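These are the residues of each chain, in order.
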Amino acid sequence: AYPFVVAVDGPAGSGKSSVSKEAARRLGWGFLDTGAAYRALAWHAAASRVDTEDAASVVASLGSFDYRIGTDPYGYAVHVGGVDVTDAIREPSVTAIVSAVARVPEVRAHLIEVFRAIIAAEKREGIVVEGRDITTVVAPDAPVRILLTASEETRMARRSKELVGHSAEATGAQLQARDRADSKVVDFMNAAEGVTTVDSTDLDFDQTVQAVLDVIRDAQ
Ligand code: C5P
């Protein structure tokens, strides 16, 4: 049967990855981090010495993009060409080029189809899918659609805690620049019609997970 789909979008540092993963764990459902796929392609392009500012070269690199993205919220791993890049795709060098890769229309068209196929193949009862355009483009018909937000100050504070060794100012500036670039491609700052906003500014991690689970339970 087709799984119960929970679509979660939000800006960088909103906590959507960790919150979505934990919600999936508690439900015993699958989890798909779509940003990881864009990051994996950015990693692959950089490793193949592709100029990521050149859209045609990025599109060409799709031809040799051999990757695997799991939906297990526990044993989660991303592989490119058989190499485990789960940690490497979080490096600042990848974060710096991922928006350029993600804005290429052919890249988006390709990955959107990949995501839909991964969702359709999910064997668990449901799957939590998170990204920027899940509620609007990848799975607009999902029974649960959530926009996870937090004030910019909160998001910057959370992100700089994650990136130990990087200055708060540099982290904040990068986060703003990435959100600005990504916002030109898809709107994930405003909830589309029918999308439930969960604002985590005044919630801790566990309360945010609970708020997401409440929205899911109400829809079931
Ligand atoms: O969520 P994360 O920060 O890992 O996403 C990395 C990048 O992937 C984003 O900055 C954005 O450019 C791209 N992305 C996207 N659409 C998605 C998910 C991520 O364009 N659904």
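Residues numbered from 1 in each chain as written. Predicted model: local features only at pLDDT ≥ 70, side-chain atom pairs only at ≥ 80, totals over all residues. Heavy atoms only, no water.

1. A word on the UniProt feature "binding site: ATP" (unreviewed entry) in the chain
At step 1: UniProt records the feature "binding site: ATP" (unreviewed entry) for G10, P11, A12, G13, S14, G15, K16, S17 and S18 in the present numbering.
At step 2: Residue position: A12 is located in the loop between β1 (4-9) and α1 (16-27).
At step 3: Since its relative accessible area comes to 2%, A12 is described here as buried.
At step 4: Apart from the residues lying within four places of it in its own chain, the contact partners of A12 are R132, R155, R159, L175, R178 and D179.
At step 5: Within the element layout of this structure, S14 appears in the loop between β1 and α1. (UniProt positions renumbered as here; feature names shortened; annotations may be inferred. Helix = DSSP H or I, 4+ residues; strand = E, 2+ residues; numbered from the N terminus. Buried < 20%, exposed > 50% of the residue type's maximum accessible area, 1.4 Å probe, protein only. Contact = heavy atoms within 4.5 Å.)

2. Some words on the sheet that holds strand β3 (residues 67-69)
At step 1: With antiparallel pairing, the 3 strands of this open sheet are ordered in space as β3-β4-β5. What marks the edges here is a single partner per strand, and that holds for β3 and β5 (83-84).
At step 2: Of the pairings in the sheet, the one linking strand β4 (residues 78-80) to β5 comprises 2 bridges and is antiparallel in character. What sits directly across from H79, in β5, is D84. (Pairing = 2+ DSSP bridges.)

3. Concerning the packing of α1 against helix α9 (residues 205-219)
At step 1: At a minimum axis distance of 9 Å, the contact between α1 and α9 shows a crossing angle of 60°. Relative to α9, α1 is oriented oblique. Where α1 crosses over α9, the handedness of that crossing is right-handed. Counting all contacts with α1, which are made through S18, V19, E22, A23, R26 and L27, the residues of α9 involved are F205, D206, T208, V209, Q210, V212, L213 and I216. (Axes fitted to C-alpha atoms, helices over the stretch in contact; angles between N-to-C directions. Parallel < 35°, antiparallel > 145°, perpendicular 65-115°, else oblique. Left-handed = near helix turned anticlockwise from the far one by under 90°.)

4. Looking at the site of the ligand
At step 1: Taken together, 15 residues sit near the ligand, with R39, R108, D133, R178 and D182 positioned nearest.
At step 2: About the coverage of the ligand: the protein hides 97% of its 450 Å² of free accessible area.
At step 3: Secondary structure elements with two or more residues in the shell around the ligand: α2 (34-47), α4 (92-102) and α8 (168-183).
At step 4: For the shell around the ligand, the leading source of residues is α2, giving 4 residues.
At step 5: Looking at side-chain class alone, the shell around the ligand contains 3 nonpolar, 4 polar and 8 charged residues. (Near = heavy atom within 4 Å. Areas by Shrake-Rupley, 256 points an atom, 1.4 Å probe, with all protein chains shown as cover. Nonpolar A, V, L, I, M, F, W, Y, C, P; charged D, E, K, R; others polar.)

5. Topic: the nonpolar core
At step 1: Judged by nonpolar contacts, the single largest core of 57 residues is most densely connected at V6 and V107.
At step 2: Apart from the residues lying within four places of it in its own chain, the contact partners of V107 are Y38, L41, V58, L62 and V101. (Core = buried A, V, L, I, M, F, W, Y, C linked by side-chain atoms within 4.5 Å.)

6. Describing empty space enclosed by the protein
At step 1: According to the stated counting rule, one finds 1 cavity of 30 Å³ or more in the structure shown.
At step 2: The volume enclosed by the largest cavity comes to roughly 40 Å³.
At step 3: Lining the largest cavity, in full, are D9, R132, T135, T136, L147, D187, F188, N190, A191, A192 and V195.
At step 4: Taken together, the residues of the lining of the largest cavity sort by class into 5 nonpolar, 3 polar and 3 charged. (1 Å grid on protein atoms, 1.4 Å probe; cavity = no way out; pocket = protein on both sides within 12 Å on 5 of 7 lines; lining within 4 Å. Points joined across faces, edges and corners; volume = space filled by probe spheres on them.)

7. Observations regarding the side chain of E130
At step 1: Summarising the element assignment, E130 is placed in strand β6 (residues 126-131).
At step 2: At 2.4 Å, the side chain of E130 forms a polar contact with the side chain of S17.
At step 3: Not counting the four nearest positions on each side in its chain, E130 is found in contact with V8, K16, S17, S20, F31, L32, D33, T34 and G35. (Polar contact = N/O pair within 3.5 Å; in protein donor to acceptor, adjacent residues only side chain to side chain.)

8. Focus: the packing of α2 against helix α5 (residues 105-120)
Helix packing geometry: the angle between the two helix axes and the distance between the axes.
At step 1: For the pair α2 and α5, interaxial distance at closest approach is 11 Å and the crossing angle is 135°. When the axis of α2 is compared with that of α5, the two are oblique. Our pair here, α2 against α5, has a crossing hand that is right-handed. Of the residues in α5, those in contact with T34, A37, Y38 and L41 of α2 are V107, R108, L111 and F115.
At step 2: Along the lines of polarity and charge, the residues of the contact of α2 with α5 split into 6 nonpolar, 1 polar and 1 charged.

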